[in-house]
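# Descriptive analysis of the structure
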Amino acid sequence: MSGFLLKVADTVIGVKPLTDELEIMVWSYVVTEGTPSFDVEITPADLEKGAELLALQRKVTEGLIERNVLLFHSSLAAVDGFGYAYAAPSGTGKSTHTALLRKVYGDRVTMVNDDKPFIRVEDGAVYAYGSPWAGKTHLETNTRVPLLGICFIEQGTENKISRLEPFDAFVHMMTQVYMPESKEKTERTLDLIEKTLKTVPAYFMTCNMEEEAAKTSFKAMNRIRFEDILNRDGELTYKTVGNSMNPMLYENKDVVVVRKKDDTPLKKFDVILFKRPNAPNRYVLHRIVKVHDGKYDVVGDNQFRIEKNVEEGQIIGVLSSFIRDGREIPVDDPEYQRYVKRQWAAFPVRSLWLRLKHYAKRLRG
Amino acid sequence: MKIKEGFVKRIVMDKTVIVPTGEAGKTIKGMIKLNNTASLIWDSIEEGLTEEETAKKICEKYDITEEKALADVQKIAQQMKDAGVFTE
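Along each chain, numbering runs from 1 in the same order as the chain's sequence is written. Chain letters and ligand numbers both follow the written order, the letters beginning at A and the numbers at 1. Side-chain atom pairs in this predicted model are given and counted only at pLDDT of 80 or more, local residue features only at pLDDT of at least 70, and totals for whole chains, interfaces and linings cover all residues. The basis for the side-chain values is all heavy atoms of the structure; hydrogens and waters are excluded.

## A look at the interface of chain A and chain B
- Facing the 16 residues of chain A at the interface are 16 residues of chain B.
- Both sides of the chain A and chain B interface together cover about 1400 Å² of buried area, and 71% of this is carbon and sulfur.
- Here the buried area means the combined drop in accessible surface, using a 1.4 Å probe, for two parts upon being joined, counting both sides. Its largest share of buried area at the contact with chain B, chain A owes to Phe167(A), Met174(A) and Glu194(A), together 40% of the area lost on that side.
- The term salt bridge refers to a side-chain nitrogen of Lys or Arg lying within 4 Å of a carboxyl oxygen of Asp or Glu. Across the chain A-chain B interface, the total number found is 3 salt bridges. Contact criterion: two residues are considered in contact whenever any of their non-hydrogen atoms come within 4.5 Å of each other.

In structure tokens:
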């Protein structure tokens, strides 16, 4: 049996299987390139404890603890690209709850992992990952999302959700995280749980397994601001809203990766994420077309009105790449750069055209 | 009297707790909070001190009689035994 490379939780792992079937069972996480961070081997003794797939999960999980990753027994759904973990003892209704989320929010929801997602905690950032081990429903996606909230659920007659103090959250979370055999790894796992809960808010909810329950939990957990995520993780990934940046970015289809604004000077054609003073809860992602006296004039690729004099203090992030059809395109990609120049060169004509369209629509009423 | 294999004392979110790990972690789900006295008792038992020696340590730290200290030590030790954390 030749080995293969597995990539989970942003970590490449060398796997030496016992049967050919193993690679097929985890195929959506198999990669052909990369240097393994560590290796695992399935031995006949492992099979005495259970299936090869589970033996692999156990060995991978043990190896990942060293790399700041823990295994969290929860149903993890992403809404608009932000992850929310629903945790409870088996049979309580985690999967039911995330199924309700899918029902209420439709294709805004992605199932990251319905049973045991990996959670990485590093430098204040907390990410959740899909994996090939997704329990009975097999609902998972090979993706990474920032973890914005953890909700411990219990069945009840009323839908009530409240914040959990980090200590109480720790007690709950401890019972749903894989605990390794060795003392060192256990200490490590407990450290990771503590770090997770210092960053990610936790909630306790009684729910009645109806659609209202999903709405209640989501609305309670969805309060984080983009600035908080940027401060925590250094970057922010989300799905485009609106069509002001067509044809580069299409609403609800493309995903943008924004880097936290730092001291690097901004230049013409950078796409910035900023807020307007009169609309503190709205975020705007538009392109700089002129830099002057430390202020920026911006416009969307599909707009004609240039917004003038955006100030340094309004800017929270800069586009570093965007993801279209599974391909990540960084802003220094040459073809993207050519698009940017073409788009700007066509601005006078496009702007006239859009202006005419805009007034024509207004006239029609 | 000793501490059963697998139990560790640590600070979690600024509180002192006992966490069951390894084999112990499979049967006991949860943690036990320790107040200052219990924490001191834990450390003493871990060092191998007897109940009486532990009581003396408590007297050194807190202004109570040896009898009271010993009674406290025995009470907490019994609770730990009942919880499956201490063994004879």
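## Brief notes about the layout of surface pockets
All names here are of chain A.
- Considered as a void within the structure, the largest pocket measures approximately 1000 Å³ in volume.
- Each cavity reported here is a set of points on a 1 Å grid over the protein atoms alone in which a 1.4 Å probe fits but cannot get out, each pocket an open set with protein on both sides within 12 Å along at least five of seven lines, and each lining residue one with an atom within 4 Å of a point. Contributing to the lining of the largest pocket are 37 residues, with Asn142, Thr143, Arg144, Thr237 and Ile323 lying nearest its centre.
- A run of H or I in DSSP counts as a helix once it spans at least four residues, and a run of E counts as a strand once it spans at least two, with each numbered from the N terminus. Every element with two or more residues in the lining of the largest pocket is listed here: strand E1 (4-8), strand E3 (30-31), strand E10 (125-129), strand E11 (144-155), helix H8 (226-233), strand E14 (235-239), strand E15 (255-260) and strand E20 (315-324).
- For the lining of the largest pocket, the element with the most residues is E14, which contributes 5 residues. Grid points are joined across faces, edges and corners, and a volume is the space filled by probe spheres set on the points.

## Some thoughts on the sheet that holds strand E4 (residues 38-41) of chain A
All names here are of chain A.
- Strands were regarded as paired on the criterion that DSSP finds at least two bridges between them. Pairing in this open sheet of 4 strands is mixed, and the strands run E3-E1-E2-E4 from one edge to the other. The sheet is open, and its two edges are formed by E3 and E4, each paired on a single side.
- Both E1 and E3 contribute to a ladder of 2 bridges, which runs antiparallel. By the bridge assignment, Leu6 is partnered in E3 with Val30.

## Some points on the packing of aromatic side chains
- Note on aromatic pairs: the rings of Phe, Tyr and Trp (six-membered ring only in Trp) are paired at centre separations within 6.5 Å, and the planes decide the class, stacked below 30 degrees, edge-to-face beyond 60, tilted for the rest. Inspection of every chain in the model, using the stated rule, returns 11 aromatic pairs over all chains.
- Centre to centre, the rings of Trp42(B) and Phe86(B) are 5.8 Å apart; their planes meet at 40 degrees, and the pair counts as tilted. In this pair, Trp42(B) sits in helix H2 (residues 36-47) while Phe86(B) sits in strand E5 (residues 86-87), placing the two residues 44 residues apart along the sequence.
- Exposed residues in this analysis have more than 50% of their type's maximum accessible area, buried residues have under 20%, and partly exposed residues fall in between, with area computed by a 1.4 Å probe over protein chains only. Looking at Phe86(B), the relative accessible area reads 3%, which means it is buried.
- An aromatic cluster is built from Phe82(A), Phe226(A), Tyr238(A) and Tyr283(A), whose rings are joined through pairwise contacts.
- A ring is considered to have a charge above it if a Lys NZ or an Arg CZ atom is located within 6 Å of its centre and within 35 degrees of its normal. Sitting over the face of the ring of Tyr203(A), Arg163(A) holds its NZ or CZ atom 5.6 Å from the ring centroid.

## What about the pattern of salt bridges?
All names here are of chain A.
- For the structure shown, the criterion picks out 24 salt bridges over all chains.
- Salt-bridge contacts for Lys59 lead to Asp46; the nearest nitrogen and oxygen are separated by 2.8 Å. Pair noted here: Lys59 is in helix H3 (residues 52-65) and Asp46 is in helix H2 (residues 44-47), with a separation of 13 residues, a long-range link.
- Of the charged contacts, one joins Lys103 and Glu211 as a salt bridge, the two residues approaching to 3.0 Å between their closest N and O atoms. A residue pair is termed long-range when its members are at least 10 positions apart, and Lys103 in helix H4 (residues 94-105) and Glu211 in helix H7 (residues 211-221) qualify at 108 residues.

## A word on the confidence of the model for chain B
Residue and element names in this part refer to chain B.
- The share of residues in chain B with pLDDT of 70 or more is 100%, and the mean pLDDT across the chain is 85.
- pLDDT is a per-residue confidence score from the predictor, ranging from 0 to 100. Mean pLDDT values over the elements of chain B span from 73, in helix H1 (residues 22-27), up to 89, in H2.
- The ipTM, which scores confidence in the relative placement of chains, is 0.77 for this predicted complex, and the corresponding pTM is 0.75.

## A look at the sheet that holds strand E2 (residues 7-12) of chain B
- In spatial order, the strands read E2-E3-E4 (chain B); together these 3 strands make up an open sheet with antiparallel pairing. Lying at the two open borders of the sheet, with one neighbouring strand each, are E2 and strand E4 (32-33) of chain B.
- Where strand E3 (residues 15-20) of chain B lies against E4(B), 2 bridges are found, and the strand directions are antiparallel. Paired with Val17(B) across the strands is Lys33(B), a residue of E4(B).
- Angles shown run from 0 to 180 degrees and are taken between the N-to-C directions of axes, each axis being a line fitted to C-alpha atoms and, for helices, limited to the stretch in contact. Together, E2, E3 and E4 of chain B form the strand contacts of helix H5 (residues 166-174) of chain A, whose direction differs from that of E3(B) by roughly 5 degrees.

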